[in-house]
Amino acid sequence: MAATENTNEEVKKSNFIKEIINKDNEENIYGGAVATRFPPEPNGYLHIGHAKSICLNFGLAKEYNGTCNLRFDDTNPSKEEDEYVESIQEDVKWLGFDWGDRKFFASDYFEKLYDIAVDMIKKGKAYVCDLTADEIREYRGTLKAPGKNSPYRDRTVEENLDLFERMKAGEFKDGERTLRLKIDMTSGYIVMRDPVIYRIQHTEHHRTGNKWCIYPMYDFTHCLSDSFEKITHSICTLEFENNRPLYDWVVNESGVGHKPKQIEFARLNLTYTVMSKRKLLELVKNSYVDGWDDPRMPTICGLRRRGYTPESIRDFADRIGIAKSDNMVDIAMLEHCIREDLNRRAQRIMAVLDPVKVIVTNYPEGQVEYVDAVNNPEDESMGKRQMPFTRELWIEKSDFMEEPMKKFHRLSPGMEVRFKHAYYITCTDVVKGPDGEITEIHCTYDPATRGGWSDDGRKVKGTIHWVSVAEAVEARVNVYEHLFTRENPDDLKPGEDYKDLLNPDSLSVIEKCYIEPFVRDAKPGERFQFDRNGYFCVDKYSDHSWITFNRIVSLKDSWKKVAEKGN
RNA sequence: UGAGGCGUCGCCAAGCGGUAAGGCACCGGGUUUUGGUCUCGGCAUCCCAAGGUUCGAAUCCUUGCGCCUCAGCCA
């Protein structure tokens, strides 16, 4: 290999899971195969934490030339809905992953699972238990005290078979009986204390309808489904570490043959947001946000509507890595990823969000002149556009100071600045309304500086953006901030509720701002950089008569820091 | 005197007995028709603590300490 190994191939980071896979491959545990799966329960929308898992599982499959299945873990009909299976597929696709023809449902295995359960009964490894939920809890013992055997533990195989059959037939009411595994009521692993594997639930299932009234539980279903699908590495989050002995027990004792390896990694936590499905659901149901795809939500659809790109989310997943220690990733990392992506790709335009009027007194009234504007200084191939320049212009209030503070090199009386792509402009006068607020800023322009440049070596420190009053497009802009005010909204003081920490300023709507005419035909989903301000995306529900933009993320603003210090 | 995990820079995270990668954030300098980008430089004599083994330890061994998870007929 040549010394100049500078290919554009990405250098993929390693992690402990890859090390396990590499070792398994060396020892030929799975014949070199790598088969993963992404197993969501269709009871909610996917969020950025799921994106981490999706990138991991599909990424591993791609890297090792293996496969990744999409499997819906739909064993609890009371929580699951088709709406969610649709949204999950849409989100996985949008992130850029393809499960091909490997879409499965745990519910497709109900028959097989039932047969295995019957077989477990026959082998004396499972029994029907008549204890109530409360009694089961009592018998289970506590973290420190061992449990005790159920009085129904020693029923005969025949009786168990008969009872289980009748459970299936619908002879009993919800909760009346369960099927339990006969393992060890004294185990330090609570999950090994004769776990319930079937419960009675007379509920219609989103796929199997009313065919079943008994449903298998996670610990029984998941590992067997993995085995059926010949999954090699079953990757899940840390809280399932305690379930691993049971996972292995079921796979071993059921005699299914193929034995996947469960590996646990740490789930993602992000600052200033929450990730639990329960909380996200509550925010939606109680209208704290405007639906699952509210641009403030950490859901995939929320990020999509906000304007995040799939590339930026995948990049984020790569950067945060995979490990086993609990973590809280700074949301600034995510913001960095989208800025980096959009800096490269986004069309620049000028938009004035908080306007004040400038009148160029020596510019002819009624004249419209078009100046060239670079579309993206990072990518010359994106070309140029033309911007109308007129006598009356909008600029940002924050770009003018009547009495400039130190280091302020924007517009102020007597100060010459560059109106980007247009002319050098000098402020000559300020007009105020009766209450003292500035209503007009009078300026002159230097015709010799067209394009915003002069050859005489004149130094112009400031460059500001502007929009022609006569030619401006009016638009609405949604400015988003963090959803919560506390870095970790799960870290509550006594008496607090996480909803108390919702940021009242997480959304500010600017009903009317002025944008250059280039955006007139912008389509929902289109992204732009508003010069010197940030990245914005046309909202999915935007209407052509009044365009709505969502702020994806601001540009970094080092001036803000200086200004705040100066005050 | 239940069990299973985890502890490396403010936040992620490499490191696998040979003398602390990288990214984000932050702080400085340069370039700049975005106070953006880019670029240059700074940012852990130290790896939860204390002992021990070793020529040599973040890495091995002890003993502590801290944090997370498990007592749903949820997943």
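Fair warning: this is a prediction, and the values are worked out from it, not measured in the lab.

About the criteria used
- Residue positions are given per chain, counting from 1 as you read along its sequence in written order.
- Here the convention is simple: chains get letters from A, ligands get numbers from 1, in the order in which they are written.
- Since the coordinates come from a predicted model, pLDDT governs what is reported: local features require at least 70, and pairs of side-chain atoms require 80 or more to be given and counted, while whole-chain, interface and lining totals use all residues.
- The basis for every side-chain value is the complete set of heavy atoms in the structure, and neither hydrogens nor water enter the calculation.
- Only runs of H or I of at least four residues qualify as helices and only runs of E of at least two qualify as strands under DSSP, and these elements are numbered from the N terminus.
- Only C-alpha atoms enter the radius of gyration, while the globule expectation follows 2.2 Å times N to the 0.38, with N the number of residues.
- Whether a residue is buried, partly exposed or exposed follows from its accessible area with a 1.4 Å probe, protein chains only, as a fraction of its type maximum: under 20%, in between, or over 50%, in that order.
- We call two residues contacting when some pair of their heavy atoms lies within 4.5 Å.
- A 1.4 Å probe and the Shrake-Rupley method give the accessible areas. Residues count as covered only by the protein chains that appear here.
- Positive charges come from Lys and Arg, negative ones from Asp and Glu, while His and the chain ends are left out of the count.
- Each charge is placed at NZ for Lys, CZ for Arg, CG for Asp and CD for Glu.
- Exposure above 30% relative accessible area and the lack of any salt bridge qualify a residue for a patch; like charges then connect within 9 Å, and the nonpolar side chains Val, Leu, Ile, Met, Phe, Trp and Tyr within 5 Å.
- Criterion for a salt bridge: a side-chain nitrogen of Lys or Arg within 4 Å of a carboxyl oxygen of Asp or Glu.
- Strand pairing is assigned whenever DSSP detects at least two bridges linking the two strands.
- Helix axes use the C-alpha atoms of the stretch in contact, all axes being lines fitted to C-alpha atoms, and the angles between their N-to-C directions lie in the range 0 to 180 degrees.
- By convention in these notes, a residue is near a molecule or strand provided one of its non-hydrogen atoms lies within 4 Å of it.
- Counting of polar contacts relies on pairs of N or O atoms within 3.5 Å, with two restrictions inside protein: one atom must be capable of donating a hydrogen and the other of accepting it, and residues adjacent in sequence are counted only when both atoms are side-chain atoms.
- Amino acid classes used here: Ala, Val, Leu, Ile, Met, Phe, Trp, Tyr, Cys and Pro are nonpolar; Asp, Glu, Lys and Arg are charged; the rest, including Gly, are polar.
- Confidence per residue, as judged by the predictor, is encoded in pLDDT with a range of 0 to 100.
- To estimate the expected span of a helix, count its residues, drop one, and scale the result by 1.5 Å.
- Starting at the helix axis, one direction is taken to each C-beta atom, and the arc is that of these directions.
- Note that the domain bounds reflect an automated or database-derived domain assignment.
- The pairing test for Phe, Tyr and Trp rings, Trp by its six-membered ring, is centres within 6.5 Å, and the orientation test on the planes gives stacked under 30 degrees, edge-to-face over 60, and tilted for anything in between.
- Note on geometry: a ring has a charge over it if NZ (lysine) or CZ (arginine) is within 6 Å of the ring centre and within 35 degrees of the ring normal.
- Whether a crossover is right-handed depends on one test, that the path from the first strand over the helix to the second runs clockwise when the strands point away from the viewer.
- The scheme is simple: roughly parallel for angles under 35 degrees, roughly antiparallel for over 145, roughly perpendicular for 65 to 115, oblique for anything else.

Enquirer: When you look at the overall build of chain A in this model, what are you seeing that I'm missing?
Expert: When its secondary structure is counted, chain A shows 13 helices and 25 strands. In terms of overall size, chain A is more extended than a compact globule, its C-alpha atoms giving a radius of gyration of 31 Å where 567 residues would be expected to give roughly 24 Å. Principal-axis analysis of the C-alpha atoms gives chain A an extent of 100 × 65 × 40 Å. For chain A, the residues scored as buried account for 52% of the 567 residues in total. In chain A, once contacts between residues fewer than 6 apart in sequence are set aside, the share between residues at least 24 apart is 71%. Surface accessibility of chain A: about 26900 Å² in total, with carbon and sulfur atoms responsible for 47%. Both charge centroids of chain A, one from 82 positive and one from 98 negative side chains, sit 3 Å from each other.

Enquirer: Would you explain a negative patch on the surface in this entry?
Expert: Residues E81, D82, E83 and E86 make up a contiguous surface patch of negative charge. Along the polypeptide, E81 turns up in the loop between β2 (67-72) and α3 (82-95).

Enquirer: Can you walk me through the sheet that holds strand β4 (residues 126-129) in this structure?
Expert: Within a sheet, neighbouring strands are paired by backbone hydrogen bonds and run either parallel or antiparallel to one another. Judged by pairing direction, the sheet is antiparallel, and its four strands sit side by side in the order β4-β5-β6-β7 without closing on themselves. With one partner strand each, in any of the chains shown, β4 and β7 (214-216) form the two edges of the open sheet. Averaged over all neighbouring strand pairs, the angle between strand axes comes to 20°, with direction disregarded. Alignment of β4 against strand β5 (residues 178-181), held across four bridges, turns out to be antiparallel. Bridging from a neighbouring strand, V128 pairs with L179 of β5.

Enquirer: What is the right way to read the protein's contact with RNA strand B from this model?
Expert: The full set close to RNA strand B counts 67 residues, and E19, E378, R410, G451 and S558 are the nearest of them. Taking D326, its side chain carries an N or O atom lying 3.3 Å from a sugar or linking oxygen of RNA strand B. Contact between RNA strand B and N343: a sugar or linking oxygen at 2.9 Å from a side-chain N or O atom of the residue. Among the secondary structure elements, those contributing two or more residues to the surface near RNA strand B are α5 (133-140), β6 (196-200), α11 (310-320), α12 (331-345) and α13 (558-566). Considered class by class, the residues forming the surface near RNA strand B number 22 nonpolar, 21 polar and 24 charged.

Enquirer: Would you mind showing me how to read a positive patch on the surface here?
Expert: A cluster of basic residues, K406, K407, K556, K560, K561 and K565, forms a positive patch at the surface. Structurally, K565 can be placed in helix α13.

Enquirer: Before we go on, may I ask you to explain the confidence of the model for chain A in this structure?
Expert: Low-pLDDT portions of the prediction should not be read for the details of their coordinates. Confidence in the prediction of chain A, expressed as mean pLDDT, is 96, and 98% of residues score 70 or more. Confidence drops under a pLDDT of 50 for residues 1-9, and excluding neighbours within four residues, the segment shows zero contacts in the predicted structure.

Enquirer: Would you explain helix α6 (residues 157-169) in this entry?
Expert: Because the α-helix completes a turn every 3.6 residues, residues three or four places apart line up on one side. For α6, spanning 13 residues, the distance from its first C-alpha to its last is 18 Å, which sits close to the expected 18 Å at 1.5 Å a residue. All of the buried residues in α6 are N160, L163, F164 and M167. Buried residues along α6 cover an arc of 100° about the axis, so they all sit on one side. Those residues of α6 that are exposed and angled more than 90 degrees off the buried face are E158 and A169. Those residues of α6 that are buried lie in contact with α4 (110-122), β4, β5, β6 and β7. Just downstream of α6 lies G170, where phi reads positive at about 90°.

Enquirer: I keep staring at the environment of A266 and nothing clicks. Help me out?
Expert: Within the secondary structure, A266 sits in the loop between β9 (261-265) and α9 (277-285). By relative accessible area, which is 2% here, A266 ends up buried. Residues within four places of A266 in sequence aside, it is in contact with K52, L238, A323, K324, S325, D326 and N327.

Enquirer: Any chance you could explain the domain arrangement of chain A here in plain terms?
Expert: It is common to give the size of an interface as the accessible area that goes away when the parts come together. As far as domains go, chain A holds domain 1 (16-103 + 220-335), domain 2 (111-216) and domain 3 (351-472). One C-alpha centre belongs to domain 1, the other to domain 3; they are set 50 Å apart.

Enquirer: Can you walk me through unusual backbone geometry in this structure?
Expert: Excluding glycine, residues mostly carry a negative phi; peptide bonds, for their part, are mostly trans. With phi around 60°, N65 is a residue other than glycine that occupies positive phi space. Relative to the elements of secondary structure, N65 occurs in the loop between α2 (48-63) and β2. At K230, a position not held by glycine, the phi torsion is positive, near 55°. Within the fold, K230 resides in the loop between α7 (218-228) and β8 (233-237).

Enquirer: Looking at this model, I keep getting lost on the packing of aromatic side chains. Mind explaining?
Expert: Working definition: an aromatic ring pair is given by the centre-to-centre distance plus the angle between the planes. Inspection of the entire model under this criterion finds 24 aromatic pairs. Where Y114 meets W212, the ring centres are 5.8 Å apart and the plane angle is 55°; that geometry is what we call tilted. With Y114 in helix α4 and W212 in the loop between β6 and β7, this residue pair connects regions lying 98 residues apart in the sequence. By relative accessible area, which is 5% here, W212 ends up buried. Directly above the aromatic system of F105 lies the positively charged group of R207, at a separation of 3.5 Å from the ring centroid. For R304, the ring lying beneath its charged end belongs to W94, and the centroid distance is 5.2 Å.

Enquirer: Hey, could you run me through the pairing of β2 in this one?
Expert: Each regular strand shows side chains that alternate between the opposite faces of the sheet. A large share of β2 lies buried, amounting to five of its six residues. Here three bridges tie β2 to strand β3 (residues 103-105), and the two strands are oriented parallel to one another. Paired with R71 across the strands is F104, a residue of β3. The β-α-β motif built from β2, the intervening α3 and the parallel element β3 has right-handed crossover chirality.

Enquirer: Looking at this structure, I do not really get the packing of α2 against α11. What am I missing?
Expert: To characterise two packed helices, one gives the angle between the axes of the helices and the distance between these axes. Put simply, α2 and α11 touch, their axes get as near as 9 Å, and they point 75° apart. The angle between the axes of α2 and α11 places the two elements in the roughly perpendicular class. Here I48, A51, K52 and C55 of α2 lie close against α11, whose contacting residues are I313, R314, F316, A317 and I320. Class assignment for the residues of the contact of α2 with α11 results in seven nonpolar, no polar and two charged.

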